[in-house]
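Residue-level structure breakdown
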Amino acid sequence: MKEEFVNIVKPLLPNVDYCSIRFVSKYSNIINATRGVLEPVVISEDEGVMITIYNNGGAGYGATCDITKEGIKHAIDKALEWSKFSKNKLTYFPDLTKMKRVEGTYFTNESKQWSQVSVKDKADYLLSINKALKSKSAISNWGAGLRYNSIESQFIDTNDSNIRQKLSYILPQMIVSAEYKKEMQTRTYGGHAHAQQAGYDFVDTIAMSDKAYELVDEVIELSKAPNCDNNKTTVLIAPDQMILQIHESIGHPLELDRILGDERNYAGSSFVSPDMFGEYQYGSKELNVTFNPTLEGELASCSFDDDGTFAEKKYLIKEGKLLRPIGGFFSSQRLGMEYVACSRATNWNRPPIDRMGNINLEPGNYNFDELISSIDNGILLQTNNSWSIDDKRNKFQFGCERGTVIKNGKLTHVVKNPNYRGVTEDFWKNLTKVGDESTNEVLGTSNCGKGEPNQTIFVGHATPACVFENIDVFGGV
Amino acid sequence: MKEYFSKISDYLFNSLNKTEVLILNFDAEVTDFIRLNKSLIRQAGNVTQIGIHITLIIKNKTLKSSIRLSSNFEKDSIILLRTLYFLRREISELPNDPYLMYEKTTHSSNLINSTNLDSFAITDNILMRFRSVDMVGILSIGKIIKGFSNSLGQFNWHESESFNFDWSLYSSNGKAVKNNYADGKWNDSFFSNLAEESIRQLEVVDNHEIKLEPGKYKVYLSPSALNEVIDMMSWGGFSYKANRVGSSPLYQMFKGNQSFDESVNFTENLANGIAPMFHSDGFVKPEKTNLILNGVYKNSLVSPRSALEYSVKHNAAEYYESPVSIELDIGPLNSENLLSELNSGIYINNLWYLNFSDRNNGRITGLTRFGCFEVKNGEFTGPINTMRFDETLHNIFGEKLVGLTNNQQLIIDTSTYEERSSHSSKIPGAVVDDFSLTL
């Protein structure tokens, strides 16, 4: 699209208080091999535009995949109709004088393009990973996959803004299961955690084959392991579970649109109220959380959000104190609060709403050995496999694939079905130790769901391993 | 759009070589989305989207591509042909697919259900009805279109116009009730009654909160609440493949080691016409498939790929092998007299955010949400605080099931991820004993 698109649509911009045109072109390629067989390869190309109009006290949008001149004109007409209809019926109308002209670009660093590797080579690679996953007879189910997504966008508006961005990410996945005495245990890699903004070079760095053999040994051990005991204990949570904990019990409750009630019919509200910002002690002094769109390779890194707001790193929680919400330029006006560049849309056919972006827990001072040796009785929890939290993001219960019991500062034996539950308002106050940079991992999930109409979006979480005291842990039936 | 799909189908089929088979799945919707908060408009607009999924098959190889269409033939025909050439070039590099199966006999069909819904008038009606309360929700209105064609001569079309209004009312104390109205035609007086009923329910729920302690309670699960449990059970529960590889929460039932109460009958029932009867590879779906009969696991949903992998017959299930129109038979409990049936316990209108605690043993967790009450001696005593449950499917539908109610509710899926869903369920409520509330 680029300049050609800008030249076509600029003359179409209507004479209104404010209008933006957001063009999105998405490419997706999914390749999976399961139980030694390549599944049908799927390639998806999707493009369209969303026109948003604020005019005379009303607002509306029109979105279409018909990006001919006629198609865009039709979408503008739809946006105008809804902006006219909604006059004096809106929850709020923003102060448009605060909007600025913005210009810039952002491109994911893809040192090796996805297209540089043939579909045959990718298929052969995944089939070879399948062989590694089925390297022992105890394995009853296995599979590996690669998903590549590339999202190119162009944003222009009546302030003469012009933003071009291209975010590309890869999600590798492996699953391996073993059955023992009629009960199956599973280990995974990727899935909910290991997505990165990158080109195919990321696949070259992660050594899926080595990890496959590790997973095989782990799942066989797990299948014969005892159930996790029920007790109140100290937990050391690994980064691939920490990201879920941060996501559900810090990220979501801080989203400003939840606090303002937009999500009460679907994704829920929040236990956080506006008066808590700047006052509330969210967690212990060890807790430092940032909105950070600047970390290279993290999933939601960018230069601007989908409303054209420049993206910068900002603290949400510092030394345990709650500072600011995850609210974009428009919704922050509803409370007169400071904004972050978090207004994001999943595609051209959905309007931007407050989303997480990259929400990171900043590293502390302990390496992994120091974290383990600090625990007399406890459990190391790895890899999320179940998540559930109430509509105010308070009462949660999370399950992990693998637990390892810690006794007298040493890892002892593996247990299956480790779950833990708690209440957000208490949980983060029990954070006693935060791992250092050597335990920190830049991770992310591609499927955060929210919004009406519904939107799934990718978010990043960088986090070290962390220790929490007095946590209610339990096992399976 | 039907003529347009037919035109591009012919165009592509005429471009094929003799050894090639092409399958086309057409997906379109024209929807007005009106998002509401505090009984005002939060975001409103129109989305028009047309997509086509193209599957090229050459002997035992297959490759799929999805693209957007503009409905401008001059533009689309170039993209379609470019996609076909790309698929031809890439497919040669792929290995044979041993589980490739597609329909080779033709079963054409046509269903068009068009009404003229007026989004602006309906939105005004909603805003007017709820102007005195705090309402939040989403109204989706418009056409959903699914088409299928293949180069062997089959052509199927399913076009329906509908609305789905899903809303909650909130009191100033944060108490809430939830409701839904979905249909092909808008009925003002029906909606007016529903709206008034919602407002009355809110007055009932807006009372002093009763804080429950964790423990075991006799509960009534409304159709909406039970639907959430069934949704969770459908994460692999009825999938043939999931049961063969052991990842199903109903694995022990599939193997014949467990059963539900004999009053429990689950059916995949497509007779309501909400979901298309044709499979994405052209197979015609059976109108009814018994999944659990008299409490015993009867049939799984078997996709053509699973059929070839495990040498069994398929029943035209999609690759994900989960129900799209599940029905649970009614039971003996009089739904008019539920409070007496429950006597003392918890009346649960909605459950939320379910997941597995122990998938192998069908144990699930989740939370109460929207209008849940304590009942004592057959009377509501007040709304409860949000509670977490942790319970097995075997208890809910088996040993601890007191009974199912004697009428069902049609629940149309409100999901709008990527596109508006055509899934639905038809289920009664249930009274369950010793239901574990844990937090």
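Residues numbered from 1 in each chain as written. Chains lettered and ligands numbered in written order. Predicted model: local features only at pLDDT ≥ 70, side-chain atom pairs only at ≥ 80, totals over all residues. Heavy atoms only, no water.

Bringing the overall build of chain B into the picture now. Scanning chain B from terminus to terminus reveals 10 helices and 22 strands. Taken over the C-alpha trace, chain B has a radius of gyration of 24 Å; the compact-globule value for 439 residues is 22 Å, and the two agree within 12%. If you line up chain B on its principal axes, its C-alpha atoms span 75 × 55 × 30 Å. Looking at chain B residue by residue over its 439 residues, the buried ones come to 61%. If you average the places of the 42 positive and of the 51 negative side-chain charges in chain B, the two averages end up 6 Å apart. (Helix = DSSP H or I, 4+ residues; strand = E, 2+ residues; numbered from the N terminus. Rg over C-alpha atoms; globule rule 2.2 N^0.38 Å. Buried < 20%, exposed > 50% of the residue type's maximum accessible area, 1.4 Å probe, protein only. Lys, Arg positive; Asp, Glu negative; His and termini not counted. Charge placed at Lys NZ, Arg CZ, Asp CG, Glu CD.)

Quick look at the packing of aromatic side chains now. All names here are of chain A. This structure, assessed with the given rule, holds 57 aromatic pairs over all chains. Where Phe271 meets Tyr282, the ring centres are 5.8 Å apart and the plane angle is 40 degrees; that geometry is what we call tilted. Of the two residues, Phe271 is situated in the loop between α7 (256-259) and β11 (289-291) and Tyr282 in the loop between α7 and β11; the sequence distance between them amounts to 11 residues. Here Phe271 matches Tyr282 in class, with each residue buried. Relative to Phe330, the ring of Phe329 has its centre 5.3 Å away and its plane inclined at 80 degrees; by these criteria the two rings are edge-to-face. (Phe/Tyr/Trp six-rings, centres within 6.5 Å; stacked < 30°, edge-to-face > 60°.)

Moving on to the domain arrangement of chain B. All names here are of chain B. Here chain B is described as being made up of domain 1 (2-205) and domain 2 (215-437). Its C-alpha centre places domain 1 at a distance of 25 Å from the equivalent point of domain 2. Domain 1 puts 43 residues into the contact, and the matching count from domain 2 is 32 residues. Summed over both sides, the interface between domain 1 and domain 2 buries roughly 2,900 Å², with carbon and sulfur atoms accounting for 59% of that surface. For domain 1, the biggest contributors to the area lost against domain 2 are Tyr99, Met101 and His158; these three give 24% of the whole. Counting the contacts that link domain 1 with domain 2 gives two salt bridges. At the boundary of domain 1 and domain 2, one finds 12 residue pairs in polar contact (both at pLDDT 80 or more). (Domains from an automatic or database assignment. Contact = heavy atoms within 4.5 Å. Buried area = accessible area lost by both parts, 1.4 Å probe. Salt bridge = Lys/Arg side-chain N within 4 Å of Asp/Glu carboxyl O. Polar contact = N/O pair within 3.5 Å; in protein donor to acceptor, adjacent residues only side chain to side chain.)

Moving on, we come to the sheet that holds β11(A). The strand order β13-β12-β11-β16 (chain A) describes an open sheet built from four strands, whose pairing is antiparallel. Of all strands in the sheet, those bounded by a partner on one side alone are β13 (321-322) and β16 (359-361) of chain A. (Pairing = 2+ DSSP bridges.)

So, on to the sheet that holds strand β12 (residues 325-328) of chain B. The strand order across the open sheet formed by six strands is β11-β10-β9-β12-β21-β20 (chain B), and the pairing between neighbours is mixed. Two strands in the sheet have a free side with no partner beyond their single neighbour: β11 (296-297) and β20 (409-412) of chain B.

On to the pairing of strand β7 (residues 162-180) of chain A. All names here are of chain A. Strand direction decides the pairing type here: strand β5 (residues 103-107) and β7, joined by five bridges, are parallel. Bridging across to β7, Glu103 finds its partner in Asn162. Pairing of strand β6 (residues 139-157) with β7, which is carried by 17 bridges, proceeds in the antiparallel orientation. What sits directly across from Leu146, in β7, is Pro172. Count of turn residues in the β6/β7 antiparallel hairpin: four residues, of which Asp160 carries a positive phi of about 70 degrees. Pairing between β7 and strand β9 (residues 196-197): two bridges, direction antiparallel. The residue bridging Tyr169 from the neighbouring strand is Gln197, located in β9. Inspection of the sheet shows β7 paired to strand β8 (residues 183-190) by eight bridges, in the antiparallel sense. Residue pairing across strands places Gln173 opposite Gly190, the latter belonging to β8.

Residue and element names in this part refer to chain A. Here Lys314 lies in strand β12 (residues 314-318). Expressed as a C-alpha distance, the spacing of Lys314 and Phe291, which sit 23 residues apart in the sequence, is 5.3 Å. Those residues in contact with Lys314 that lie beyond four places of it in its chain are Thr290, Phe291, Arg324, Glu338, Tyr339 and Val340. A distance of 3.1 Å separates a polar side-chain atom of Lys314 from the backbone oxygen of Tyr339.

Axis separation between helix α2 (residues 69-85) of chain A and helix α3 (residues 119-129) of chain B bottoms out at 12 Å; the angle between their running directions is 25 degrees. Put simply, α2(A) runs roughly parallel to α3(B). In this structure, α2(A) crosses over α3(B), and the sense of that crossing is right-handed. For the pair α2(A) and α3(B), contact is made by Glu81(A), Trp82(A) and Phe85(A) and by Ser119(B), Phe120(B), Thr123(B) and Asp124(B), respectively. (Axes fitted to C-alpha atoms, helices over the stretch in contact; angles between N-to-C directions. Parallel < 35°, antiparallel > 145°, perpendicular 65-115°, else oblique. Left-handed = near helix turned anticlockwise from the far one by under 90°.)

It is worth spelling out the side chain of Asn37(B) at this point. Relative to the elements of secondary structure, Asn37(B) occurs in strand β1 (residues 20-37). With relative accessibility at 0%, the residue Asn37(B) sits in the buried group. A polar contact of 3.2 Å, which involves the side chain of Asn37(B), links it to the backbone oxygen of Leu260(A).

In this fold, Cys466(A) is placed in strand β24 (residues 466-474). Judged by relative accessible area, which is 0%, Cys466(A) ranks as buried.

Below, the discussion takes up the interface of chain A and chain B. Taken residue by residue, the interface counts 87 residues in chain A and 90 residues in chain B. For the chain A and chain B pair, buried surface summed over both sides reaches about 7,400 Å², with 50% attributable to carbon and sulfur atoms. Counting across the interface, chain A meets chain B through 10 salt bridges. Notably, a salt bridge pairs Arg82(B) with Glu45(A), separated by 3.3 Å at the nearest N-O pair. Summed over the shared surface of chain A and chain B, the result is 57 residue pairs in polar contact (both at pLDDT 80 or more). Its residues placed into classes, the side of chain A that touches chain B shows 31 nonpolar, 30 polar and 26 charged. Note that strand β4 (residues 58-64) of chain A and strand β2 (residues 40-58) of chain B share four bridges and pair parallel. Looking at β2(B), one finds that Ala63(A) is bridged to Val47(B). (Nonpolar A, V, L, I, M, F, W, Y, C, P; charged D, E, K, R; others polar.)

Structurally, Thr123(B) is set in helix α3. Here Thr123(B) falls in the buried class, since its relative accessible area comes to 1%. Separated by 147 residues in sequence, Thr123(B) and Leu270(B) have C-alpha atoms that sit 31 Å apart. Apart from residues no more than four positions distant in its own chain, Thr123(B) is found in contact with Trp82(A), Phe85(A), Ile34(B), Ile41(B) and Leu139(B).

Following the criterion strictly, the structure yields 45 salt bridges over all chains and no others. Note that Arg68(B) and Asp46(A) form a salt bridge whose closest N and O atoms lie 2.6 Å from each other. With Arg68(B) in strand β3 (residues 61-68) and Asp46(A) in strand β3 (residues 41-55), the pair connects residues from two separate chains. The pair formed by Arg68(B) and Asp46(A) is uniform in burial state, with each residue classed as buried. Sharing partners across several salt bridges, the network here consists of Lys10(A), Arg101(A), Glu103(A) and Asp160(A).

Residue and element names in this part refer to chain B. The contact between α3 and helix α4 (residues 188-205) brings their axes to 10 Å, and the two run at 30 degrees. Judged by the inter-axis angle, α3 sits roughly parallel to α4. The interaxial crossing formed by α3 with α4 has right-handed handedness. Residues Asn125, Ile126 and Arg129 of α3 lie in contact with α4, whose contacting residues are Asp188, Phe191, Ser192, Ala195 and Ile199.

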